[in-house]
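Observations on the model geometry
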Amino acid sequence: MPRQLRIVELDQSRLFALNDGEYLIGSGPDADIRLPHPTVSRRHALLRVQGGSVTLEDLRSTNGTRVDGTRVVGTHPVDGRSRIAIGSLDASLEEVAAADLEAAVRFEASSSPPNELALLSDTATASVGSLKVFTLQKLPPLVALLSQSPEAIEIAQAGGEAVLTSLPCTAVEISRRSRDGDDGLLFAARGLAPAQDEGSNGEHDSNSVDVELEQDDYRIRATFRHPVQARSFEVLIRMVLELVALADRRRLGRSTPRRAASEPPPMPQPPTLTPAVEAIYRDAARIGRGKVSVLITGESGTGKEILARFIHRASPRGHEDFIALNCAALPRDLLEAELFGVDEGVATGVHARPGKFEQAHGATLFLDEIGDMEAATQAKILRVLQEGEVYRLGARKPRPAEVRVVAATNQDVEAQLASGEFRADLYHRIADWRVELPPLRERTPDIANLAAWFLQREAERLGTHVSGISRGALDALLAFHWPGNIRQLEREMARAALFLEDGEMLQSRHLQSTIRAAVDDPALGAATTLPAKIEALERREICAALEVHGGNLSAVARDLGIARSTLYRRIEELDLGELAER
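Before going into details, it helps to say that this report is about the structure given with it.

**Brief notes about the packing of aromatic side chains**
Here a ring pair, both rings aromatic, is described through the centre-centre distance and the interplanar angle of the planes. Counted according to the given criterion, the structure contains six aromatic pairs. Where F340 meets F357, the ring centres are 6.0 Å apart and the plane angle is 10°; that geometry is what we call stacked. Note that F340 is positioned in helix α6 (residues 332-340) and F357 in helix α7 (residues 356-359), a separation of 17 residues in sequence. Exposure class is identical for F340 and F357. Each is buried.

**Points about the environment of Q378**
Residue placement: Q378 occurs in helix α8 (residues 375-387). Owing to a relative accessible area of 0%, Q378 belongs among the buried residues under this scheme. Taking C-alpha positions, Q378 is 9.5 Å from D425, a pair spaced 47 residues apart along the chain. Among all residues touching Q378, those that are not within four sequence positions of it are M373, E421, F422, R423 and L426. Among the polar contacts made by the side chain of Q378, one reaches the main-chain carbonyl oxygen of E421 at a distance of 3.0 Å.

**Let's talk about the pairing of strand β21 (residues 364-368)**
β21 sits mainly inside the fold: five of its five residues count as buried. In β21, alternate side chains face the same way, and those of T364, F366 and D368 on one face and L365 and L367 on the other are all buried. The pairing of strand β18 (residues 322-326) with β21 spans five bridges and is parallel. Residue pairing across strands places I323 opposite L365, the latter belonging to β21. Here β21 pairs with strand β24 (residues 404-409) via four bridges, running parallel.

**Observations regarding the nonpolar core**
Residues F134, V163, L167, V172, I174, F224 and I237 are the most contacted members of the largest nonpolar core, which totals 33 residues. When contributions to this core are tallied by element, the ones reaching two or more residues are α1 (128-146), α2 (152-166), β13 (169-177), β14 (183-190), β15 (209-215), β16 (218-224) and α3 (227-252). Each residue touching V172, except ones within four places of it in the same chain, is listed here: G160, V163, L164, F187, A188, A189, R221 and A222. Counting 31 residues, the second largest nonpolar core, distinct from the first, contains L477, F480, L489 and A518.

**Comments concerning the side chain of T409**
Among the secondary structure elements, T409 is positioned in strand β24. Accessibility expressed as a relative area gives 1% for T409, which makes it buried. A polar contact is formed between the side chain of T409 and the backbone nitrogen of Q411, at a distance of 3.0 Å. Beyond its immediate stretch of four places on either side in the chain, T409 contacts L295, I296, T297, G298, K304, E369, I370 and G371.

**Here's the deal with the pattern of salt bridges**
Should their charged atoms come close, side chains of opposite charge can pair. Overall, the coordinates contain 28 salt bridges when judged by the stated rule. A salt bridge links R309 to E305; its shortest N-O distance comes to 3.0 Å. Here R309 pairs with E305, and both are found in helix α5 (residues 304-313), just four residues apart, close to one helical turn. Across the salt bridge formed by R569 and E573, the nearest N and O atoms sit 3.5 Å from each other. Pair noted here: R569 and E573 are both in helix α18 (residues 564-573), with a separation of four residues, about one helical turn. Classification of R569 as partly exposed rests on a relative accessible area of 42%. Judged by its relative accessible area of 46%, E573 is partly exposed. When salt bridges with common partners are traced through the structure, they connect R6, E94, E504 and R509 into a single cluster.

**Considering the sheet that holds strand β6 (residues 53-58)**
One open sheet holds the five strands; their spatial order is β4-β3-β5-β6-β9, and the pairing between them is mixed. Unpaired on one side and paired on the other, β4 (33-34) and β9 (75-77) mark the two borders of the sheet.

**Focus on the side chain of T364**
With respect to the helices and strands, T364 occurs in strand β21. Look at T364 and you get buried, because its relative accessible area is 1%. Polar contacts involving the side chain of T364 include one to the side chain of H312, which spans 2.7 Å. Those residues in contact with T364, other than ones at most four positions away along the chain, are H312, R317, D321, F322, I323, R404 and V406.

**Considerations on the layout of surface pockets**
Put simply, the second largest pocket is a space of about 600 Å³. Along its surface, the second largest pocket is lined by 28 residues, and T302, G303, K304, I306 and I486 are the ones closest to its centre. Among the elements that take part in the lining of the second largest pocket, helix α11 (residues 444-462) stands out by supplying six residues, more than any other. Within the lining of the second largest pocket, the residues separate by chemical class into twelve nonpolar, seven polar and nine charged. Taken domain by domain, the lining of the second largest pocket gets at least three of its residues from each of domain 3 (275-436) and domain 4 (440-518).

**Quick word on the sheet that holds strand β17 (residues 294-297)**
With respect to topology, five strands assemble into an open sheet ordered β18-β21-β24-β17-β25, the strand pairing being parallel. One side of each edge strand has no neighbouring strand; the edge strands of this open sheet are β18 and β25 (433-436). Averaged over neighbouring strand pairs, the angle between their axes works out to 15° when direction is ignored.

**Looking at unusual backbone geometry**
Going from Q269 to P270, the amide bond is cis rather than trans, its omega being -5°. Looking at the element boundaries, P270 is found in the loop between α3 and α4 (275-288). With a phi angle near 55°, D68 is a residue other than glycine that sits in the positive phi range. When its relative accessible area of 37% is taken as the criterion, D68 is described as partly exposed. A positive phi angle, close to 55°, is found at E369, a residue other than glycine. Position of E369 among the secondary structure elements: in the loop between β21 and α8.

**Focus: α4**
The end-to-end C-alpha distance of α4 is 20 Å, a good match for the 20 Å that 14 residues give at a rise of 1.5 Å each. For α4, every residue scored as buried is listed here: V277, I280, Y281, A284, A285, I287 and G288. Projected down its long axis, α4 carries its buried residues within an arc of 165°, all on one side. Counted as exposed and oriented over 90 degrees from the buried face of α4: P275, R282 and R286. Next to the buried residues of α4 lie β17, α5, β24 and β25.

The rules we used
- Residues numbered from 1 in each chain as written.
- Predicted model: local features only at pLDDT ≥ 70, side-chain atom pairs only at ≥ 80, totals over all residues.
- Heavy atoms only, no water.
- Phe/Tyr/Trp six-rings, centres within 6.5 Å; stacked < 30°, edge-to-face > 60°.
- Helix = DSSP H or I, 4+ residues; strand = E, 2+ residues; numbered from the N terminus.
- Buried < 20%, exposed > 50% of the residue type's maximum accessible area, 1.4 Å probe, protein only.
- Contact = heavy atoms within 4.5 Å.
- Polar contact = N/O pair within 3.5 Å; in protein donor to acceptor, adjacent residues only side chain to side chain.
- Pairing = 2+ DSSP bridges.
- Core = buried A, V, L, I, M, F, W, Y, C linked by side-chain atoms within 4.5 Å.
- Salt bridge = Lys/Arg side-chain N within 4 Å of Asp/Glu carboxyl O.
- 1 Å grid on protein atoms, 1.4 Å probe; cavity = no way out; pocket = protein on both sides within 12 Å on 5 of 7 lines; lining within 4 Å.
- Points joined across faces, edges and corners; volume = space filled by probe spheres on them.
- Nonpolar A, V, L, I, M, F, W, Y, C, P; charged D, E, K, R; others polar.
- Domains from an automatic or database assignment.
- Axes fitted to C-alpha atoms, helices over the stretch in contact; angles between N-to-C directions.
- Expected span 1.5 Å × (residues − 1).
- Arc of directions from axis to C-beta.

Geometric values such as these leave the question of function open.
Here it is as structure tokens:
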């Protein structure tokens, strides 16, 4: 089995993959395992790996090499139980699956959660440093300048300089279209992008991508060396263009235009690679432009609220608040108070407050888990939707509540309609467009992107750098059934990030045992209930014991610690008779 050498310094670990061969350990530039530490000699020790044997030889180092507290003289065998010291640095050998030494997803050294991952490639993702420079150093002066009612050309020049000096782009142009159709340049400059090699003339190479955007009479074009960079920073380029156009509108006393109805909002990050989900979001962008109500179905954790927010942003109401309420989180009385509000004096010490319907007047109301709502509350909601007004609890006069409802449920709506749990009249009122989000197990192409996005985001929050995701870890993530869907994957990455050292790669050993087991036993990974998991595990253990003992049931029963009669019964129930020798 492949191995890795772990070097520990001040509670921080570094890992070095080991295959068969010799590895020079030292602080010098020619070392295979370079340890720039005062107690490590330039040529400190030699590690030899040959099949199942590993030996360590001290090369007359100044501070010595020790194994289990004894200074090494000559060559000394080592294994996973050996306590190794290279100078004052602690080290240990670890056996690791070959797949965990191969990077399936590689992260940049200073990257934010990616819009698009470089799977086994060197394409750069958005730089946290660039984002911080732009948002913390360049953007505030731009906004302050805008408050002084400047000419558009002043904002264009300041904004162009901000983009060119903080983002990894090679050229920026900002222009204004005149009445005769010609473009007048307000800002044009080229520069050396952070990722660009010195000596480049800044001209387009074969990979260069332009971000070209227009608003009102203004146009901006920024050139990036990589498509991923262009997509990552497009939102900041658009922000500069909007500031330029806003300066012109303020000077002329014009109001700020809303986003054109034909222009969909940006897709949630990271972008989906699953065609069915892409199609859902394309349709959702069209649905958002209308007034139809929406019902989103799907298992818990599939991203129903994310889709609801996308529909809201795609609508003419997108500039208004998005009001959300989980209908399953509250008992009936509290739920109705949250939905409809409470009038003054309805009870001792109760003050008047608006409900969600009032708050969402002219906006979007997202009712999550609407399938868990009692029928009496459903009837009251139906009335509000029909009348466009709401009565607070204890009130005599209605208040306006013209809302667009986007609802979601993980329940079987057809079964609820058939049983009467869900009112058919309310269903037809809220389900003008009904869409079902697929579970994560049906979105295999998205698992790597989502895992890397969540892992990098959590690592950034913790202030650590994660180098990537190993092939072994990714295989386990892909094999697992994910009964909790995207939310479960997000929480698993947040948990795993806590156990990663700075610069370390996520390996399968960092994942929970149930996820790791999915690679060896897909049936166990696909099990969604406790009885199913127990049966899958029992099947695996019985099959393994039958193979070890050649079908000898007496030996299998002894090995498993169960009676022979119990083993007979379970073999028949699990249909394993062909493996048993009667």
